[in-house]
Amino acid sequence: MLVAGAFIGLGNWQLDRARELKNSTRTIIELIAPVPLTTLVQPRVNIDSRNLLKNVSTQGHYIATFKSDNQVSDGVAATTWEVGVLQVDAKSAILVVRGLWSERLTEPQIAMSQNVSVTGVLQPSQSTDRGPNSAANLARVDSTLLLSKAGLADFDLYDGFILANSESVDGTKIDRTRLEISVDNSKVPGYYWQHISYVFIWWLMAALVLYLPFYRRRVTP
């Protein structure tokens, strides 16, 4: 009975891990009103994980634009993103994923002097390079890469980036396709169905242990 109980306990533990993994992998954002960026994060400070994937709003003017190759959005791999550097005050800036690079010319051109209002989802910085890091291309969407870019190293940079879902200039909305991406913030290793398969294995072993005494009685003359 103790062995069977141990197997059942292991199955329950594995089930909890599967639930934890599923709950921590969020790809759908709650449609709630955006909150000001500065109420959740500050420049030069790592984002609290509890504030990731929240809708935020801010405003400023774009001071630089980069490509970011080999990204994945809307389930499509090898897309190229347009990533803007939005200066939000005299000393601070944050990265904004505006949309596909191929659509950058479909909108009215924004002058660097124009004030832009942005709403979007606060995302964690990418940790893996997707392409080359050059003067025109960001290897990943990570503000630390801006430290090597001309004219940007002196700014106080925000951790993470905003995945824009709306931009407007002087009250006029910029009409362009917005992106959806999947982010896995889980620190639980493995895959959901991998954990579920182990649940059934542990419980099956518990059932076999419980059944074994009855089997022996049946086969014993």
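Structure: see above.
Residues numbered from 1 in each chain as written. Predicted model: local features only at pLDDT ≥ 70, side-chain atom pairs only at ≥ 80, totals over all residues. Heavy atoms only, no water.

Q: Which residues make up the pattern of salt bridges, and what values go with them?
A: By the definition in use, this model includes eight salt bridges. Across the salt bridge formed by Glu82 and Arg176, the nearest N and O atoms sit 2.7 Å from each other. Here Arg176 lies in the loop between β8 (172–173) and β9 (183–184) and Glu82 lies in strand β4 (residues 76–87), a separation of 94 residues in the sequence. Judged by relative accessible area, Glu82 falls into the buried class, the value being 4%. For Arg176, a relative accessible area of 8% puts it in the buried group. (Salt bridge = Lys/Arg side-chain N within 4 Å of Asp/Glu carboxyl O. Helix = DSSP H or I, 4+ residues; strand = E, 2+ residues; numbered from the N terminus. Buried < 20%, exposed > 50% of the residue type's maximum accessible area, 1.4 Å probe, protein only.)

Q: Give a description of the nonpolar core that names residues and reports values.
A: Membership of the largest hydrophobic core comes to 22 residues, with the highest contact counts inside it found for Trp81, Val85, Leu95, Val97, Leu146 and Leu152. Among the elements of the structure, β3 (55–73), β4, β5 (92–100) and β7 (156–169) are those that each provide at least two residues to this core. Residue contributions to this core peak at four residues, all from β5. In this structure, Leu152 is in contact with Ile63, Ala64, Phe66, Val85 and Leu146, ignoring residues within four places of it in sequence. Membership of the second largest hydrophobic core comes to 21 residues, among which are Val56, Ile94, Ile162 and Ile174. (Core = buried A, V, L, I, M, F, W, Y, C linked by side-chain atoms within 4.5 Å. Contact = heavy atoms within 4.5 Å.)

Q: Describe a nonpolar patch on the surface, and please don't skip the residues or the numbers.
A: Together, Tyr198, Ile201 and Met205 give the surface a local cluster of nonpolar side chains, amounting to about 250 Å² of exposed area. Relative to the elements of secondary structure, Tyr198 occurs in helix α2 (residues 192–219). On the accessibility criterion, Tyr198 (38% relative accessible area) is partly exposed. (Patch = residues over 30% accessible without salt bridge, like charges linked within 9 Å, V, L, I, M, F, W, Y side chains within 5 Å. Areas by Shrake-Rupley, 256 points an atom, 1.4 Å probe, with all protein chains shown as cover.)

Q: Residue-level account of the pairing of β7, with values.
A: Judged by how many residues are buried, β7 sits mostly within the fold: 11 of 14 residues are covered. In this sheet, β7 lies alongside β5 in parallel orientation, the contact comprising five bridges. Among the inter-strand pairings, Ala93 is bridged to a residue of β7, identified as Leu157. The pairing of strand β6 (residues 116–123) with β7 spans eight bridges and is antiparallel. If you follow Val121 over to β7, its bridge partner there is Leu163. Sheet topology note: the β7/β8 ladder contains two bridges and is antiparallel. Paired with Val169 across the two strands is Thr172, which belongs to β8. As consecutive antiparallel partners, β7 and β8 are separated by two residues, and within that stretch Asp170 has a phi angle of approximately 55°, a positive value. (Pairing = 2+ DSSP bridges.)

Q: Can you explain unusual backbone geometry? Please cite residues and give values.
A: With glycine set apart, most residues show a phi of negative sign, and most peptide bonds adopt trans. In the Ramachandran plot, Arg44 falls in the positive-phi region, its phi being about 65° despite a non-glycine side chain. Examined against the element boundaries, Arg44 turns out to sit in the loop between β2 (35–36) and β3. Since its relative accessible area comes to 63%, Arg44 is described here as exposed. Even without being glycine, Asn70 reaches a positive phi, approximately 60°. The residue Asn70 is located in strand β3 in this model.

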